[in-house]
Amino acid sequence: MKFIFIGIFQIFLSISVALGGNDLITKDPNSKQKMICKTQKEIRVLVLEPKGLGCEVLYTKQGSDKIIAQQKQGTLRCEDVFITLKEKLTKGGFICEAE
């Protein structure tokens, strides 16, 4: 069941990226992704970074950095966390732009 969900999610991400529906994740899994999210009062930073065969997501809030997701192989979990948090910030009034 877990593999079916992962497969469906990968297909969804592929279709979304192919249709231009998500500009957060580039086609190169080895490239660092950085998103700056701002309101009038706050700045938050999301970074999806390759680490060996895997990845990590770093979140900066109020000047404090925290690793919020890691994966030893592949990037699916990191991409999911990165996209989900960006969407939550946007719904919360932040304007997010890729850097």
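Computed from a predicted structure; not experimentally measured.

Parameters at a glance
Counting starts from 1 at the beginning of each chain's written sequence and moves along it residue by residue. The predicted origin of the model limits local features to residues at a pLDDT of at least 70 and limits the giving and counting of side-chain atom pairs to 80 or more, whereas totals for whole chains, interfaces and linings rest on all residues. Neither water nor hydrogens contribute to the side-chain values; these are computed over all heavy atoms in the structure. By definition here, a salt bridge exists when the distance from a side-chain nitrogen of Lys or Arg to a carboxyl oxygen of Asp or Glu is within 4 Å. Buried, partly exposed and exposed residues are distinguished by accessible area as a fraction of the type maximum, computed with a 1.4 Å probe on protein chains only: under 20%, between the cut-offs, and over 50%, respectively.

S.K.: Describe the pattern of salt bridges, naming the residues involved and giving the relevant values.
M.R.: With the rule as written, the count across this model stands at three salt bridges. Notably, a salt bridge pairs E42 with R44, separated by 2.7 Å at the nearest N-O pair. On the basis of relative accessibility, which here comes to 29%, the residue E42 falls in the partly exposed class. Classification of R44 by relative accessible area gives buried; the value is 11%. Among the salt bridges present, the one from K51 reaches E56, with a minimum N-O distance of 3.9 Å. Overall, the relative accessible area of 41% leaves K51 in the partly exposed class. Overall, E56 belongs to the buried group, its relative accessible area being 14%.

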